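Chains, contacts and geometry: an overview
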Protein chains: 2
Amino acid sequence: MQLDEFDRKIIAALREDARMPVAQVAERAALSATPVSRRIKRLEDEGVIRGYAPVLDPRKLGLELEAYVLINLNAHIDENIARFEQAIAENPHVIACHAVTGDMDYLVRVMARNVEHLSQITLRTLLRIPGVRDVKSIIVLETVKETQPVPLD
Amino acid sequence: MQLDEFDRKIIAALREDARMPVAQVAERAALSATPVSRRIKRLEDEGVIRGYAPVLDPRKLGLELEAYVLINLNAHIDENIARFEQAIAENPHVIACHAVTGDMDYLVRVMARNVEHLSQITLRTLLRIPGVRDVKSIIVLETVKETQPVPLD
DNA sequence: TATGAAATAATATAGTT
DNA sequence: AACTATATTATTTCATA
């Protein structure tokens, strides 16, 4: 699938505000409302736009502490991997999890209320998943930048 | 600021689809449209909801490669920090950057088109920022989980 | 102080050219 | 793709608990 300049401008406008009226998006894309409405629908149908989400302020929701937890499994058998990934899926405080290259197997991003809460998530949940050998925590001191995943040149 | 059960249900509904009609959000929260509309406005005004963004598919936009880059500065003087953070702000392929605890100073999340592009971002951009001593890249092999930042228990 | 119902205003979408 | 008409949807008003 190929995006043209109109599509890019539409997406750029929606990234500023996904609830921006179509007429206003149209203005930015130098187009009228009708084709913008149709293009947005097309982008949704083709899966370029998967959906829309509110951008929430973690602090205002009582989530003051953020960490990246690097995890090693001790035996890379399918059963361990499946159990690990299920535990990750079930925990709402795990907001991202990637299988990665390097010394560690997984990089897990966690949002917690405070140190005690993070400790509970790490020690009582992550470290107790069968097959998990080792965890290393990297605490976030300050968030310098955070945009929605996916840049648009 | 204190969120009640209604607010939580409203946020949960919007997290599924931030463009869901108010009437439908109201149904989920067991409320009518009027208070839901007002509560959403209140959550926006108070900064709990910062805005709305489309959820995009990186692959459909030609971004096939993702990495976390750990960075060390060689002298933690204000000038270096300022220059580093400005370079980060300017680069659209850096989608997140945190100052962190541990061996490294910063954790930077990068989205690139391919290995060559990642290499260019890392070697020609990040490593050339004055004050940057060392970078270690962790390549994402597979994304097991990715939700919008901020869980809501 | 917050809600629900109804009226109004804003906005999105479908039909037509 | 644009213009116009129609249909959705959001928001304001007002009465009420």
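Residues numbered from 1 in each chain as written. Chains lettered and ligands numbered in written order. Predicted model: local features only at pLDDT ≥ 70, side-chain atom pairs only at ≥ 80, totals over all residues. Heavy atoms only, no water.

Some points on the UniProt feature "domain: HTH asnC-type" (unreviewed entry) in chain A
Operational definition: UniProt positions are given in the numbering used here, feature names are shortened, and annotations may be inferred rather than shown by experiment. To qualify as a helix, a DSSP run of H or I must reach at least 4 residues; to qualify as a strand, a run of E must reach at least 2; elements of each kind are numbered from the N terminus.
Under the feature "domain: HTH asnC-type" (unreviewed entry), the UniProt entry names residues 3-64 of chain A. For residues 3-64 of chain A, helix accounts for 53% and strand for 13%, while the C-alpha atoms at its two ends are 39 Å apart.

Concerning the protein's contact with DNA strand C
To keep it simple, the criterion reads: By convention in this text, a residue qualifies as near a molecule or strand provided that one of its non-hydrogen atoms is within 4 Å of it. Identification of polar contacts relies on pairs of N or O atoms within 3.5 Å, with a donor-acceptor requirement for protein atoms, meaning one able to donate a hydrogen and the other able to accept it, and with residues adjacent in sequence counted only if both atoms are side-chain atoms. In this classification, Asp, Glu, Lys and Arg are treated as charged, Ala, Val, Leu, Ile, Met, Phe, Trp, Tyr, Cys and Pro as nonpolar, and every other residue, Gly included, as polar.
Close contacts around DNA strand C come from A:Pro21, A:Val22, A:Ala23, A:Thr34, A:Ser37, A:Arg38, B:Leu31, B:Ser32, B:Thr34, B:Pro35, B:Arg38 and B:Arg39, and that covers them all. Contact between DNA strand C and B:Ser32: a phosphate oxygen at 2.9 Å from a main-chain N or O atom of the residue. Within the residue set of the surface near DNA strand C, elements represented by two or more residues are helix 2 (22-29) and helix 3 (33-45) of chain A together with helix 3 (33-45) of chain B. Sort the elements by how many residues they give to the surface near DNA strand C and helix 3 of chain B lands first, with four residues. Per-class residue counts for the surface near DNA strand C are five nonpolar, four polar and three charged.

Comments concerning the relation of the copies chain B and chain A
Each copy of the chain is related to the other by a rotation around an axis and a translation along that axis. Counted only if it meets this: Residues below a pLDDT of 70 in either copy are left out; the C-alpha atoms of the rest, at least 70 in both, set the least-squares superposition of the copies. We call two residues contacting when some pair of their heavy atoms lies within 4.5 Å.
Each copy of the sequence occupies a distinct position, and chain B is placed on chain A by a rotation of 180° and an axial shift of 0.0 Å, giving an RMSD of 0.1 Å. Given the turn and translation reported, the copies of this chain are related as if by a two-fold rotation axis. Looking at the rotation axis and the C-alpha trace of chain B, the residue lying nearest is B:Ala53, at 2.8 Å. A symmetric contact is evident, with 100% of the interface residues of chain B recurring at the interface of chain A.

Here's the deal with the protein's contact with DNA strand D
Near DNA strand D you find 13 residues, and of these A:Ser32, A:Thr34, B:Val22, B:Ser37 and B:Arg38 are the closest. Backbone atoms, meaning sugar plus phosphate, form 52% of the atoms of DNA strand D positioned within 4 Å of the protein. The separation between a phosphate oxygen of DNA strand D and a polar side-chain atom of A:Arg39 is 3.3 Å. In the model, a phosphate oxygen of DNA strand D is placed 2.9 Å from a nitrogen or oxygen of the B:Ser37 side chain. Where the surface near DNA strand D is concerned, the elements lending two or more residues are helix 3 of chain A together with helix 2 (22-29) and helix 3 of chain B. Considering each element in turn, the surface near DNA strand D owes the most residues, four residues, to helix 3 of chain A. When its residues are assigned to classes, the surface near DNA strand D shows six nonpolar, four polar and three charged.

Quick look at the domain arrangement of chain A
Interface size is commonly expressed as the accessible surface area that is lost when the partners come together. Inclusion rule: Boundary definitions for the domains trace back to an automatic or database domain assignment.
What the domain assignment lists for chain A is domain 1 (5-45) and domain 2 (58-139). One C-alpha centre belongs to domain 1 of chain A, the other to domain 2 of chain A; they are set 38 Å apart.

As for the interface of chain B and chain A
To keep it simple, the criterion reads: Accessible area, probed at 1.4 Å, shrinks when two parts are joined; the buried area is that loss added up over both. Should a side-chain nitrogen of Lys or Arg be within 4 Å of a carboxyl oxygen of Asp or Glu, the pair is scored as a salt bridge. DSSP bridges decide pairing: two strands pair if at least two such bridges lie between them.
Listed as interface residues are 65 residues of chain B and, on the opposing side, 65 residues of chain A. When chain B packs against chain A, close to 6,100 Å² is buried across both sides, 60% of that on carbon and sulfur atoms. At the junction of chain B and chain A, the tally comes to two salt bridges. We note a salt bridge from A:Asp57 to B:Arg50, for which the minimum N-O separation is 3.4 Å. In this structure, the connection of chain B to chain A is made through 39 residue pairs in polar contact (both at pLDDT 80 or more). With nine residues, strand 5 (residues 132-146) of chain B is the largest single contributor of residues to the side of chain B that touches chain A. Of the residues belonging to the side of chain B that touches chain A, the class tally is 39 nonpolar, nine polar and 17 charged. Examined bridge by bridge, strand 1 (residues 49-56) of chain A and strand 1 (residues 49-56) of chain B share seven bridges and lie antiparallel to one another. Residue pairing for strand 1 of chain B: A:Pro54 is matched across the bridge by B:Tyr52.

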